[in-house]
Amino acid sequence: MFSRQAKITGIGCSRKIETSARGCDVLRDPALNKGSAFTQEERNSLGLNGLLPPVISNELEPQLTRALTAYRKAPTDLDKHIYMWRLHDNNVTLFYALLQRHLMEMLPVVYDPVVGEAIEQYSEIITRPRGVFLSINEPDEIEEKLSAFGASADDIDLLVASDAEEILGIGDWGANGIDISIGKLAVYTAAAGVDPHRVIPIVLDVGTNNQKLLNDPLYIGYRHSRVVGEVYDNFIDAYVRAAKKLFPRAMLHWEDFGSTNARRILSRFRDKVPTFNDDMQGTGAIVLGALLNAVRRSDTLWSDQRVVILGAGTAGVGIADQIRDQMVRHGVSQDEATRRIWLVDLPGLLTDDMKHGLLDFQVSYARPAAEVQAWSRVSADMLPATQTRWPAMAALRSEKAQNGGVIDLAEVVKKVRPTILIGTSTTPHLFTEELVKDMASHVERPIIFPLSNPTNLHEATPAQLIEWTDGRVLVATGAPFENVTFKGVSYTIGQANNAALYPGLGFGAIVSRASHVSDEMIFAAAQAVASQATDATPGAALLPSNADLRATSSVVAVAVASKAQEQNIAQEKFTDVIEAVNSAQWWPIYQPVIAI
Ligand SMILES: NC(=O)C1=CN([C@@H]2O[C@H](COP(=O)(O)OP(=O)(O)OC[C@H]3O[C@@H](n4cnc5c(N)ncnc54)[C@H](O)[C@@H]3O)[C@@H](O)[C@H]2O)C=CC1
Ligand SMILES: CC(=O)C(=O)O
Ligand SMILES: [Mg+2]
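Here the structure is a predicted model, which means the values were calculated and not measured. (Residues numbered from 1 in each chain as written. Chains lettered and ligands numbered in written order. Predicted model: local features only at pLDDT ≥ 70, side-chain atom pairs only at ≥ 80, totals over all residues. Heavy atoms only, no water.)

### Brief notes about the packing of aromatic side chains
Summed over all chains, the structure comprises seven aromatic pairs. Ring geometry for W254 against F257: centres 5.5 Å apart, planes inclined by 75°, an arrangement best described as edge-to-face. Look at W254 and you get buried, because its relative accessible area is 2%. Owing to a relative accessible area of 2%, F257 belongs among the buried residues under this scheme. Ring centres 6.3 Å apart and planes at 20° place the aromatic pair W254 and F269 in the stacked group. Residue W254 is located in strand β6 (residues 251–254), and its partner F269 is located in helix α13 (residues 259–269); the two are separated by 15 residues in the primary sequence. Under the relative-accessibility criterion, F269 is labelled buried at 7%. Three or more aromatic residues joined by ring pairs form one cluster here, namely W85, F95, Y96 and W586. Sitting over the face of the ring of Y71, K80 holds its NZ or CZ atom 5.3 Å from the ring centroid. (Phe/Tyr/Trp six-rings, centres within 6.5 Å; stacked < 30°, edge-to-face > 60°. Buried < 20%, exposed > 50% of the residue type's maximum accessible area, 1.4 Å probe, protein only. Helix = DSSP H or I, 4+ residues; strand = E, 2+ residues; numbered from the N terminus. Lys NZ or Arg CZ within 6 Å of the ring centre and 35° of its normal.)

### Some details on the UniProt feature "domain: Malic enzyme N-terminal" (unreviewed entry) in the protein
As annotated in UniProt, the feature "domain: Malic enzyme N-terminal" (unreviewed entry) corresponds to residues 88–270 in the numbering used here. Along residues 88–270 the backbone is 47% helical and 11% strand, and the end-to-end C-alpha distance reaches 33 Å. (UniProt positions renumbered as here; feature names shortened; annotations may be inferred.)

### Focus: the site of ligand 1
Neighbouring ligand 1 are 29 residues; T314, A315, D345, W390 and N498 lie closest to it. In the environment of ligand 1, a nitrogen atom lies 3.0 Å from a nitrogen or oxygen atom belonging to the backbone of A496. Between N498 and ligand 1, the recorded distance is 2.8 Å, taken from a backbone N or O atom to an oxygen atom. Notes on ligand 1: free accessible area 850 Å², of which the protein chains cover 96%. Of all the secondary structure elements, the ones that give two or more residues to the shell around ligand 1 are α14 (278–298) and α15 (314–329). Split by residue class, the shell around ligand 1 holds 11 nonpolar, 15 polar and three charged. (Near = heavy atom within 4 Å. Polar contact = N/O pair within 3.5 Å; in protein donor to acceptor, adjacent residues only side chain to side chain. Areas by Shrake-Rupley, 256 points an atom, 1.4 Å probe, with all protein chains shown as cover. Nonpolar A, V, L, I, M, F, W, Y, C, P; charged D, E, K, R; others polar.)

### With respect to the site of ligand 2
Residues in contact with ligand 2, as listed here, are Y111, L168, K184, E255, D256, D278, D279, N453, N497 and N498. In this structure, E255 approaches ligand 2 through a side-chain N or O atom, which is 3.0 Å from an oxygen atom. Interatomic distance of 2.9 Å between a side-chain N/O atom of N453 and an oxygen atom of ligand 2. Burial of ligand 2 by the protein chains amounts to 89% of its free accessible area of 210 Å². Its residues placed into classes, the shell around ligand 2 shows two nonpolar, three polar and five charged.

### What to know about the coordination of the magnesium ion (ligand 3)
Six octahedral donors at a metal ideally form angles of 90 or 180 degrees, and four tetrahedral donors ideally form angles of 109.5 degrees. Coordination of the magnesium ion (ligand 3) by the protein is provided by E255 (OE), D256 (OD) and D279 (OD), with metal-donor distances spanning 2.0 to 2.1 Å. Positions of the donor residues of the magnesium ion (ligand 3) along the chain correspond to the pattern E-D-x22-D. For the pair E255 and D256, a shared accessibility class is recorded, and that class is buried. (Donors = N, O, S within 2.8 Å, 3.2 Å for Na, K, Ca; no water.)

### Focus on the nonpolar core
The biggest cluster of nonpolar side chains holds 116 residues, and the ones touching the most others in it are I422 and F449. I422 has contacts with V287, L291, V308, I309, L310, I319, I323, F431, F449 and L451, leaving out every residue within four places of it along the chain. One finds I142, Y239, L252 and A262 within the second-largest nonpolar core, a separate group that totals 31 residues. (Core = buried A, V, L, I, M, F, W, Y, C linked by side-chain atoms within 4.5 Å. Contact = heavy atoms within 4.5 Å.)

### Focus: helix α18 (residues 409–416)
Because each turn of an α-helix spans 3.6 residues, side chains separated by three or four positions end up pointing in the same direction. Taken as a whole, α18 has its buried residues at L409, E411, V412, V413 and V416. Buried-residue contacts for α18 involve β8 (307–310), β9 (341–345), β10 (348–349), β11 (420–423) and α19 (433–440).

### Let's talk about the environment of L94
Structurally, the position occupied by L94 is in helix α5 (residues 92–101). Residues L94 and P30 lie 64 residues apart in sequence; the distance between their C-alpha atoms is 9.5 Å. Contact partners of L94, with chain neighbours within four places excluded, come to L60, Q63, L64, L87 and Y590.

### Topic: unusual backbone geometry
Each neighbour pair has its own omega, and for D112 with P113 the value is 15°, a cis peptide bond. One can find P113 in the loop between α6 (103–110) and α7 (114–120). Put simply, N453 and P454 share a cis peptide bond, and its omega is -10°. In this fold, P454 is placed in the loop between β12 (447–450) and α20 (462–468). Here the phi dihedral of L168 falls at roughly 40°; this positive angle occurs in a residue that is not glycine. Relative to the elements of secondary structure, L168 occurs in the loop between β4 (158–162) and α10 (178–192). Its identity as a non-glycine residue notwithstanding, R417 has a phi of 50°, on the positive side. Within the secondary structure layout, R417 lies in the loop between α18 and β11. Since its relative accessible area comes to 42%, R417 is described here as partly exposed.

### Side note on the pattern of salt bridges
One pass over the structure, following the stated rule, counts 29 salt bridges. One salt bridge connects R28 with D25, and the closest N-O pair in it is separated by 3.1 Å. With R28 and D25 both in helix α1 (residues 24–28) and three residues apart, the pair spans about one turn of that helix. Note that R389 and E166 form a salt bridge whose closest N and O atoms lie 2.6 Å from each other. Remark: E166 occurs in the loop between β4 and α10 and R389 occurs in the loop between β10 and α17 (391–402); sequence separation between them is 223 residues. According to the relative accessible area criterion, E166 is buried, its value standing at 15%. Several salt bridges share partner residues, and in doing so they unite R263, D321, R324 and D325 into one network. (Salt bridge = Lys/Arg side-chain N within 4 Å of Asp/Glu carboxyl O.)

Pasting the structure below:
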């Protein structure tokens, strides 16, 4: 966001920035600052003579060299993350120019997985606050706080909000969760060209149940446990009302909410405002994109798939929904498609005798208890230490422990003989060698996606899966992994992270000013991503490389905007969608700064 003293005029190449700021105020505004690249004319008119070293840079080049050197000198990934955001606080254009040029190297540092580490340590590393902090304790001040950002109705295209109950796979991080909204927005800009001056990162501070934060004297958020129920719902309603009133054209992106809230919020608003939940819909769609290629390469039919998903939360059931809908597109009835999916969670295989403990969105996938009566059970008294994050699932597990034990993943794999196995359980190592070998003994090309972020939570590594299946696996992961060489073949690991999809989806919705984000737009996004990775040679990735993220996101945005237009939900009408998407993209290049 530009300061009140500055405004943008013109579009495309004739874009320039006009400002009434002078001297240090110009340099202190990261949206205006060009450092050594201010021309002599700009230095004269903006009162910068003497405040900058005399050598004038040729645009960004020398600054990029200097910044890259400093970045690479930072000793740890977290130091690099901190360096990048300090650079951002100094010069937004340079930050994005550097990030975009070194996307493969820097995306994991600015975003997933290092953003997880930054969130855990946010109270210590926070320097300049970014975004807007809204609190459940002051619901009447939401409008005032959003207004304090200083933007008017037409200035904002996108708000990313998190209540931080389930950040990546690392749980509840309270107000520190502002950093996931910031990180997601950085990807929107680097990947799709969303204008970074037209977005707002938001944390919805509803308290935290993270005892570590509550005990931390440096914690930046409100020090009480999470507020739930009607008060929570009213707070979310008040946020949406205020956002729509102040920024009627903006899209609302929801990130890293707990599973029940994620579903409820989306159901409440999905037909009323342009909005989507990244963990449910973005993840479901990127996984579907990878599966479109995997199923094609396995030379099997969608109607023949048997799918086991470990971790039946926001992401897991979001993926299940997309797979079910894809089977329906291939002629399978809705009921039958649902029956081809087995969900496994803390209580083991979810079955319909758990009716009163299941979350509403899990119910349709629960297997008939009678069907699995003869399946073997294991003792379930040992609960993972993280159980309190999922009280409903933990309670069911305890109940099962006292009533014959749980049907665990190994037994489900043995009985179901899945063609597709997906991990969104937040728990590492659960795809064991024995289990994977069992699956691979029944299926020519097992499709296995361990997706739990950050990297250390993946259910297995690609190297393990490739070795255990003798190279037959079709694999994609949530975090980035290096290539794996096995028996002379180099396997490139596609990253099924929603970052490969949501920037294009969101940008397509913004450019078309879609009144809402339809299921068809989401499917168009999944198909568009898949279309960018059609190489089927041995070891080729199932998804396009992040090195091509900008191009992929453009293809996704065009597909999404076209679909919105076709469905008559685009409020912006255009004759040439590609031109509309291209001309709306923001690029990190210096604009002339004019003194007024
Ligand atoms: N690759 C990607 O783009 C994405 C990956 N994810 C990852 O998926 C994971 C889950 O995220 P959400 O669905 O948002 O979380 P969530 O909290 O909604 O769901 C997690 C589920 O896993 C279950 N679970 C926990 N421990 C388990 C265990 N030992 N065995 C079986 N189930 C267990 C929980 O009961 C819960 O139902 C996270 O690690 C997250 O980073 C999430 C969104 C996108
Ligand atoms: C990638 C992502 O959104 C998550 O892990 O939550
Ligand atoms: Mg997420």
